[in-house]
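Chain by chain, the residues:
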Amino acid sequence: QVQLVEVGGGMVQPGGSLRLSCAVSGIIFRLFPMGWYRQAPGKQRELVAGITSSGATKYADSVKGRFTISRDNAKNMVYLQMNSLKAEDTAVYYCGAQPPFTTWGPTAVTYWGQGTQVTVSS
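Basis of the calculations
- Residues numbered from 1 in each chain as written.
- Predicted model: local features only at pLDDT ≥ 70, side-chain atom pairs only at ≥ 80, totals over all residues.
- Heavy atoms only, no water.
- Helix = DSSP H or I, 4+ residues; strand = E, 2+ residues; numbered from the N terminus.
- Disulfide = S-S within 2.5 Å.
- Salt bridge = Lys/Arg side-chain N within 4 Å of Asp/Glu carboxyl O.
- Buried < 20%, exposed > 50% of the residue type's maximum accessible area, 1.4 Å probe, protein only.
- Pairing = 2+ DSSP bridges.
- Axes fitted to C-alpha atoms, helices over the stretch in contact; angles between N-to-C directions.

(A) Spatial organisation of the environment of Met11. With respect to the secondary-structure elements, Met11 resides in strand S2 (residues 10–12). It is 7.1 Å that separates the C-alpha atoms of Met11 and Ser121, two residues lying 110 residues apart in sequence.

Right, dumping it as structure tokens:
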């Protein structure tokens, strides 16, 4: 009954932008830190950005200054605005929920979305 559904992926040229959305149901959304993760072929899943219930954020060094995570607790939505996209951003992007006060990272995530493909290519 817990569902996380990501939308917004697609193909974009280097330097372009995409906005990912994740709709969450089945949990008390406002209590859960939410994160965006990505997994490229042959690579481990990694944290891209996280946001706590109060709005504190964390970003991977590789995306700082380019990506912005946000959430709307009234709508049970979390977003990832991706600007200045690079080829190395190409990956499947996943929305994940984890319990409060856990350390950011894939191992802490208890609920995952299905993923959405982001391809940055010229």
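(B) Up close: the state of the cysteines. Scanning the entire structure with this criterion turns up one disulfide. Between the sulfur atoms of Cys22 and its disulfide mate Cys95 the distance is 2.2 Å. Its S-S torsion of approximately -85 degrees makes the covalent link between Cys22 and Cys95 left-handed. Here the residue Cys22 occupies a position in strand S3 (residues 18–25), and Cys95 occupies one in strand S9 (residues 91–97), the gap between them amounting to 73 residues.

(C) Structural context of the pattern of salt bridges. In the structure shown here, the tally under the stated rule is four salt bridges. With a shortest N-O distance of 2.7 Å, Arg66 and Asp89 are connected by a salt bridge. With Arg66 in the loop between strand S6 (57–59) and strand S7 (67–72) and Asp89 in the loop between strand S8 (77–82) and S9, the pair connects residues that are 23 residues apart, well separated along the chain. Of the two residues examined, Arg66 and Asp89, each falls in the buried class. Shared partners join several salt bridges into a network, and the residues in it are Arg38, Glu46, Arg66 and Asp89.

(D) Fine view of the sheet that holds S3. Ordered by their spatial adjacency, four strands build an open sheet running S1-S3-S8-S7, and the pairing between neighbours is antiparallel. The strands lining the two open edges of the sheet, one partner per strand, are strand S1 (3–7) and S7. Ignoring strand direction, the axes of neighbouring strands in this sheet form an average angle of 15 degrees. Of the strand pairs in this sheet, S3 and S8 are connected by six bridges, and their pairing is antiparallel. Bridged to Ala23 within S8 is Met77.

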